[in-house]
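A look at the structure
Below, each chain spelled out in residue letters.
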Amino acid sequence: MMRSGLITGVAVLLAVASGCGYRVASKNRSSPQFHTLAVVPLENKTTTSEVEQILTRSLVRAFVEKSSYQLINDPAKADAVLRGVISRLTASPVIFRQGTFGSTFLVTLQAQVELQDQRSGKILYKNDGYIFREQYQINVDIENFFSELNPALGRVAGDFASSVVTTLLESY
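Residues numbered from 1 in each chain as written. Predicted model: local features only at pLDDT ≥ 70, side-chain atom pairs only at ≥ 80, totals over all residues. Heavy atoms only, no water.

1. Description of the overall build of the protein
Secondary structure assignment for the protein yields 4 helices and 6 strands. Listing each helix as α and each strand as β along the protein from the N terminus yields α-α-β-β-α-β-β-β-β-α. Expressed as a percentage of the 172 residues in the protein, the buried residues total 35%. Considering only residue pairs separated by 6 or more positions, the protein has 68% of its internal contacts joining residues 24 or more positions apart. (Helix = DSSP H or I, 4+ residues; strand = E, 2+ residues; numbered from the N terminus. Buried < 20%, exposed > 50% of the residue type's maximum accessible area, 1.4 Å probe, protein only. Contact = heavy atoms within 4.5 Å.)

Set out below in structure tokens:
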């Protein structure tokens, strides 16, 4: 009898302990400080057109996928606002082939990001040194070189957005 009581006690203890503290990560990472978020279009200080649109769309997508924040368009109505600046974007050859100027390039993106509480004006998060790098292969045909840049920017934008959102969610 004593043995069956001990086994029952251990089983109950394991059942209770195994259910403690486990939740879906994306729902567990929301800030209690705010519920609505506006992602302001990023400022582009580079010579690459539309890079700010690609990065802003990636940020919005990452917040929708990974957080429980309600995203809204009007910063004046949001609890918090995310702003950013793209300060540098370069593409440098890393592998050369015979007869071409480069076959693989390294895209480097440098950005600044800031999250601000709209009610108090307090800066909740700031990073002036986000740097991302992605290699991509180009079409050897010079006429198609620039068509290869947008897919590379899309990959860099996805990495950038994922890092920003994860960092913000884990900061609270």
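2. Focus on the pattern of salt bridges
The full count for this structure, using the stated rule, is 3 salt bridges. We note a salt bridge from Glu114 to Lys126, for which the minimum N-O separation is 3.9 Å. Highlighted residues: Glu114 in strand β5 (residues 104-117) and Lys126 in strand β6 (residues 123-137), separated in sequence by 12 residues. Overall, Lys126 belongs to the partly exposed group, its relative accessible area being 49%. Where Asp117 meets Arg119, a salt bridge forms, and the shortest distance between an N and an O atom there is 3.7 Å. (Salt bridge = Lys/Arg side-chain N within 4 Å of Asp/Glu carboxyl O.)

3. Overview of the nonpolar core
Formed by 36 residues in total, the largest nonpolar core has its most connected members in Leu37, Leu82, Leu115 and Phe160. At the level of elements, β1 (36-39), α3 (51-66), β4 (80-95), β5, β6 and α4 (149-170) are the ones that each hand at least two residues to this core. Excluding residues within four positions of it along the chain, Leu82 makes contact with Leu37, Ala38, Val39, Val40, Leu59, Phe63, Val113, Glu114, Leu115, Val164 and Leu168. (Core = buried A, V, L, I, M, F, W, Y, C linked by side-chain atoms within 4.5 Å.)

4. Here's the deal with the confidence of the model for the protein
For the protein, the mean per-residue pLDDT works out to 78, and 68% of the residues sit at or above 70. Note on residues 9-30: pLDDT is under 50 here. Beyond four places in sequence and across chains, it has 10 contacts. (pLDDT = per-residue confidence, 0-100.)

5. Quick word on the pairing of β5
Within a regular strand, the side chains alternate between the two sheet faces. Taking burial as the measure, the 14 residues of β5 include 10 buried ones, the bulk of the element. Two strands pair when backbone bridges link them, and β4 and β5 are joined in this way by 14 bridges, in the antiparallel orientation. Pairing of Arg83 across the sheet is with Glu114, part of β5. (Pairing = 2+ DSSP bridges.)

6. A short note on unusual backbone geometry
You will see that Glu50, though not glycine, has its phi angle at about 70°, which is positive. Mapping Glu50 onto the fold places it in the loop between β2 (43-44) and α3.

7. A closer look at the side chain of Thr46
The topology assignment puts Thr46 in the loop between β2 and α3. Looking at Thr46, the relative accessible area reads 16%, which means it is buried. Of the polar contacts made by the side chain of Thr46, one reaches the backbone nitrogen of Thr48; its length is 3.2 Å. If we skip the residues at most four places from it in the chain, Thr46 touches Val51, Ile86, Ser87, Arg88 and Leu89. (Polar contact = N/O pair within 3.5 Å; in protein donor to acceptor, adjacent residues only side chain to side chain.)

8. Focus: the packing of aromatic side chains
Applying the stated rule across the entire model yields 5 aromatic pairs. Relative to Tyr69, the ring of Phe34 has its centre 4.7 Å away and its plane inclined at 25°; by these criteria the two rings are stacked. On the criterion of sequence distance, the pair formed by Phe34 in the loop between α2 (25-28) and β1 and Tyr69 in the loop between α3 and β3 (70-71) is long-range, its members being 35 residues apart. Members of the aromatic cluster, joined through ring pairs, are Phe34, Phe63 and Tyr69. (Phe/Tyr/Trp six-rings, centres within 6.5 Å; stacked < 30°, edge-to-face > 60°.)

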